[in-house]
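Chain by chain, the residues run as shown.
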Amino acid sequence: MRILLTAALVAAGVLVGAAVPAVSGFVRGLLAAAGLPPALHTFAAGPGPASPGEPRHEAGGGHDHGKAAAPKAGAGHAHGAHEPSEAEGTEGHVTMTAEQIENQDIKVAKAEGGLLSRHILVPGTITPDTDRIARVPVRVVGTVSEMRKRLGDDVRKGDVVAVLDSREVADAKSEYLTAMVQSDLQKVNFERQQRLLASAAASQAAFDNAKAVFQENQLRVDLARQKLSALGLNAAEVAAAQKRDEATPNASTLRQYELRAPISGRIVERKVDVGTAVGKEGDPADVYTVADLSTVWIELAVPTSDLDEVREGARVTVNRGGRSVQGKVVFVSPLLNADTRSARVVVSLPNQDMAWRPGTYVTAEVETETDRVPVRVTKAALQTVEGKRVVFVRTDEGFEKREVELGRADDDAYEVVSGLRAGEDIAVANTFLLKAELGKSEAGHDH
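Residues numbered from 1 in each chain as written. Predicted model: local features only at pLDDT ≥ 70, side-chain atom pairs only at ≥ 80, totals over all residues. Heavy atoms only, no water.

Caption draft 1: Expanded view of the side chain of Ser 333. Checked against the element boundaries, Ser 333 lands in strand E14 (residues 323–336). Here the side chain of Ser 333 touches Leu 335 through a polar contact of 3.1 Å, landing on its backbone nitrogen. The contact partners of Ser 333, leaving out residues within four places of it in the chain, are Ala 343 and Arg 344. (Helix = DSSP H or I, 4+ residues; strand = E, 2+ residues; numbered from the N terminus. Polar contact = N/O pair within 3.5 Å; in protein donor to acceptor, adjacent residues only side chain to side chain. Contact = heavy atoms within 4.5 Å.)

Written out as structure tokens, the structure reads:
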């Protein structure tokens, strides 16, 4: 009876294990409790998974060699598989609309050729251009009677800036005017003696005497005119002023001496006041300083290690307060300063808005070498992706990552040897945003 019961349990276990593999463990437990040997446990559990290297037999008893198992109906992608969406674009591309580009402030410009410039940084001091600074000198002994300009006033060349009262000037004018009157009288006498001699009414001796006196007075006129010229006075203006004084005897200008601006510019210094005595030893030698500051100089002290790279005519850039001005080297001294072992280098700098004040300390970028290259890109346009330098080329859908080979460089840009042609549109600002978008897109593809 027990044998029959055992056989029935075995048969039932085999059938259940074959039909429902999930309960085979439960069946094996029952068989073990019934005292059956372990060999029957495996048989009762039904066919297990094939060991590595063994072909798996289908329930139909045949073999399906070389055929992949068909996917189960309704099954999704296996874990790790990822289908890229249209928005993510293909590998190496960043899909982006024109509106998105504008909103993220990504600037686009054409790749072009240009100059690569190398510089050295040199400290310097702003000074007035010595060719554009002048003093209003006092050429005569006198007293200041008028000061017609204030500090900071603009003047033009030839403007009267001050007036002196000078006895020396009065004497020089009087001597010239007297010589002119004597010359006119002697001229009349000489011409009369000439006519008399022609009609035999005068002797040759009288004529010769009149001629000698006339020529002597002509010499005095010339000497008086030269004296006026040495004082900066015009003989014709002195004669005209004398005629005006004859009409207004109470307003004589004989003692007045006008000081005029030698150049156009601005009054930057005033040295005397009204009533100050000038012209004598120990007195002020000038009354104003006029400077044209539309151009200033930068005095640079270039060390000997960099001196061979600096050339006259080289471009110089000065940056201050967010603004940049271009100048050029106008002088490189052949002599070295014995204390600093540096050479004086002078840079001419435009200063139309008067922003560069003499005495200001600046740092100048002196151009030492330039190279023209066919394709030049700024450093802001370059990014490093997987250890390679790339630019982002504008496409209809957005941007394309493009590997480039770089050559020479300066402070702001690189030469592109290969990978980019002149005329192609590339991103030149905020390119790190494109690198971030590219990284997210490629991470999605690898998911």
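Additional details are given in the paragraphs that follow.
Caption draft 2: Region of the structure containing the nonpolar core. Grouped together as the largest cluster of nonpolar side chains are 30 residues, with contacts concentrated most on Val 161, Leu 164, Tyr 176, Tyr 257, Leu 259 and Tyr 288. Secondary structure elements with two or more residues in this core: strand E5 (142–147), strand E7 (160–165), helix H5 (167–198), helix H6 (204–230), helix H7 (235–247), strand E8 (256–260) and strand E11 (286–291). At 5 residues, H5 tops the list of elements feeding residues into this core. Beyond its immediate sequence surroundings of up to four residues, Leu 259 is in contact with Val 136, Pro 137, Asp 159, Val 160, Val 161, Ala 162, Leu 164 and Val 287. By size, the runner-up hydrophobic cluster in this structure holds 25 residues, among which are Leu 293, Val 302, Ala 314 and Val 318. (Core = buried A, V, L, I, M, F, W, Y, C linked by side-chain atoms within 4.5 Å. Buried < 20%, exposed > 50% of the residue type's maximum accessible area, 1.4 Å probe, protein only.)

Caption draft 3: A look at unusual backbone geometry. For Arg 341, which is not a glycine, the phi torsion comes out positive at approximately 55°. In this fold, Arg 341 is placed in the loop between E14 and strand E15 (342–350). Notably, Asn 430 is not glycine yet its phi reads approximately 60°, a positive angle. Mapped onto the secondary structure, Asn 430 falls in the loop between strand E22 (425–427) and helix H9 (431–446).

Caption draft 4: Broad picture of the packing of H5 against H6. Relative orientation of the contacting elements H5 and H6 amounts to 155°, with a least axis distance of 8 Å. With respect to their mutual orientation, H5 and H6 come out roughly antiparallel. The handedness of the crossing between H5 and H6 is left-handed. Taken together, the residues of the contact of H5 with H6 sort by class into 14 nonpolar, 9 polar and 7 charged. (Axes fitted to C-alpha atoms, helices over the stretch in contact; angles between N-to-C directions. Parallel < 35°, antiparallel > 145°, perpendicular 65-115°, else oblique. Left-handed = near helix turned anticlockwise from the far one by under 90°. Nonpolar A, V, L, I, M, F, W, Y, C, P; charged D, E, K, R; others polar.)

Caption draft 5: Region of interest: the pattern of salt bridges. In this structure the tally under the stated criterion is 21 salt bridges. Here Arg 132 ties to Asp 292 by a salt bridge, and the two come within 2.9 Å at their closest N and O atoms. You can see Arg 132 sitting in the loop between strand E3 (112–128) and strand E4 (133–137) and its partner Asp 292 sitting in the loop between E11 and strand E12 (295–303), a full 160 residues away along the chain. Residue class for Arg 132 comes out partly exposed when judged on its relative accessible area of 31%. One salt bridge connects Arg 255 with Asp 165, and the closest N-O pair in it is separated by 3.1 Å. Separated by 90 residues along the polypeptide, Arg 255 in the loop between H7 and E8 and Asp 165 in strand E7 bring together distant segments of the chain. Overall, the relative accessible area of 33% leaves Asp 165 in the partly exposed class. Three or more residues joined by partner-sharing salt bridges are found here, namely Glu 400, Arg 402, Arg 421 and Glu 424. (Salt bridge = Lys/Arg side-chain N within 4 Å of Asp/Glu carboxyl O.)

Caption draft 6: Focus on the pairing of strand E19 (residues 398–403). Where strand E1 (residues 93–95) lies against E19, 3 bridges are found, and the strand directions are antiparallel. Note on E19: the bridge partner recorded for His 93 is Glu 400. Strand direction decides the pairing type here: strand E18 (residues 388–394) and E19, joined by 5 bridges, are antiparallel. Paired with Arg 394 across the strands is Phe 399, a residue of E19. If you look at the hairpin formed by E18 and E19, you'll find 3 residues sitting between the two strands. (Pairing = 2+ DSSP bridges.)

Caption draft 7: Fine view of the packing of aromatic side chains. Inspection of the entire model under this criterion finds 2 aromatic pairs. Ring plane angle 5° and centroid distance 5.5 Å describe the contact between Phe 190 and Phe 214, whose orientation is recorded as stacked. In this pair, Phe 190 is assigned in helix H5 and Phe 214 in helix H6, connecting sequence segments 24 residues apart. Its relative accessible area of 16% is what places Phe 214 among the buried residues. (Phe/Tyr/Trp six-rings, centres within 6.5 Å; stacked < 30°, edge-to-face > 60°.)

Caption draft 8: Main features of the layout of surface pockets. By volume, the largest pocket is sized at about 590 Å³. Listed by contribution, the elements that provide at least two residues to the lining of the largest pocket are E4, H7 and E8. When residues of the lining of the largest pocket are assigned to their parent elements, the largest contribution, 5 residues, is made by E8. Looking at the lining of the largest pocket residue by residue, the class counts come to 10 nonpolar, 5 polar and 6 charged. (1 Å grid on protein atoms, 1.4 Å probe; cavity = no way out; pocket = protein on both sides within 12 Å on 5 of 7 lines; lining within 4 Å. Points joined across faces, edges and corners; volume = space filled by probe spheres on them.)

Caption draft 9: Just H5, in detail. Taking 1.5 Å as the rise per residue, H5 with 32 residues should run 46 Å; its terminal C-alpha atoms sit 46 Å apart, in good agreement. Those residues of H5 that fall on the buried side of the exposure criterion are Val 169, Ala 170, Ala 172, Lys 173, Tyr 176, Leu 177, Ala 179, Ser 183, Gln 186, Phe 190 and Gln 193. With a side-chain oxygen lying 3.3 Å from the backbone nitrogen of Glu 168, the N-terminal cap of H5 falls on Ser 166. One or two positions beyond H5, positive phi appears at Ala 200, with a value near 60°. (Expected span 1.5 Å × (residues − 1).)

Caption draft 10: Region of interest: empty space enclosed by the protein. Scanning all chains against the criterion turns up 1 cavity of 30 Å³ or more. The space that makes up the largest cavity amounts to roughly 40 Å³. Lining the largest cavity are Lys 173, Leu 177, Val 238, Ala 241, Gln 242, Asp 245, Thr 253 and Leu 254. Of all elements in the fold, only H5 and H7 reach the threshold of two or more residues within the lining of the largest cavity. The element contributing the most residues to the lining of the largest cavity is H7, with 4 residues.

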